[in-house]
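Letter by letter, the chains look like this.
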Amino acid sequence: MWAMAQNSIVLFFRGKLFAEPRKAFLMIFVGVLMTASLLVLIAKLGAPLWMAASVAAFVGGGLQPYLFRNLRYR
């Protein structure tokens, strides 16, 4: 299992994991942007930073399968 994870990481950084790397990086960027925006919004509403970070991370992580549902891998 560790070897498979290492192989995927190497392929990702070489740009050979996804059939459409541009689309994959766009979806990653969208996920990061949504998570960061949610973190700032929740913190501005007065929640403690640890709570804002936890909620934003949970929601941002939950978005990843939705964002990556149509990506094709090599």
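Residues numbered from 1 in each chain as written. Predicted model: local features only at pLDDT ≥ 70, side-chain atom pairs only at ≥ 80, totals over all residues. Heavy atoms only, no water.

(A) Region of interest: a nonpolar patch on the surface. On the surface, a cluster of nonpolar side chains totalling about 550 Å² of accessible area is made up of Trp 50, Met 51, Val 55, Phe 58 and Val 59. For Val 59, the position within the fold is in helix H3 (residues 49-67). Relative accessible area serves as the criterion here: at 37%, Val 59 is assigned to the partly exposed category. (Patch = residues over 30% accessible without salt bridge, like charges linked within 9 Å, V, L, I, M, F, W, Y side chains within 5 Å. Areas by Shrake-Rupley, 256 points an atom, 1.4 Å probe, with all protein chains shown as cover. Salt bridge = Lys/Arg side-chain N within 4 Å of Asp/Glu carboxyl O. Helix = DSSP H or I, 4+ residues; strand = E, 2+ residues; numbered from the N terminus. Buried < 20%, exposed > 50% of the residue type's maximum accessible area, 1.4 Å probe, protein only.)

(B) How the structure looks around the packing of aromatic side chains. As enumerated under the stated definition, the model contains five aromatic pairs in all. Measuring from ring centre to ring centre gives 6.2 Å for Phe 18 and Phe 68, while their planes differ by 90°; the resulting arrangement is edge-to-face. Placement of the pair is Phe 18 in the loop between helix H1 (2-14) and helix H2 (21-44) and Phe 68 in the segment after H3, with a sequence separation of 50 residues. A relative accessible area of 7% means that Phe 18 is categorised as buried. A centroid spacing of 5.1 Å and a plane angle of 40° characterise the contact between Phe 18 and Tyr 73, whose relative ring orientation is tilted. With Phe 18 in the loop between H1 and H2 and Tyr 73 in the segment after H3, this residue pair connects regions lying 55 residues apart in the sequence. Among the aromatic side chains, those forming a connected cluster through ring pairs are Phe 12, Phe 13, Phe 18, Phe 25, Phe 68 and Tyr 73. (Phe/Tyr/Trp six-rings, centres within 6.5 Å; stacked < 30°, edge-to-face > 60°.)

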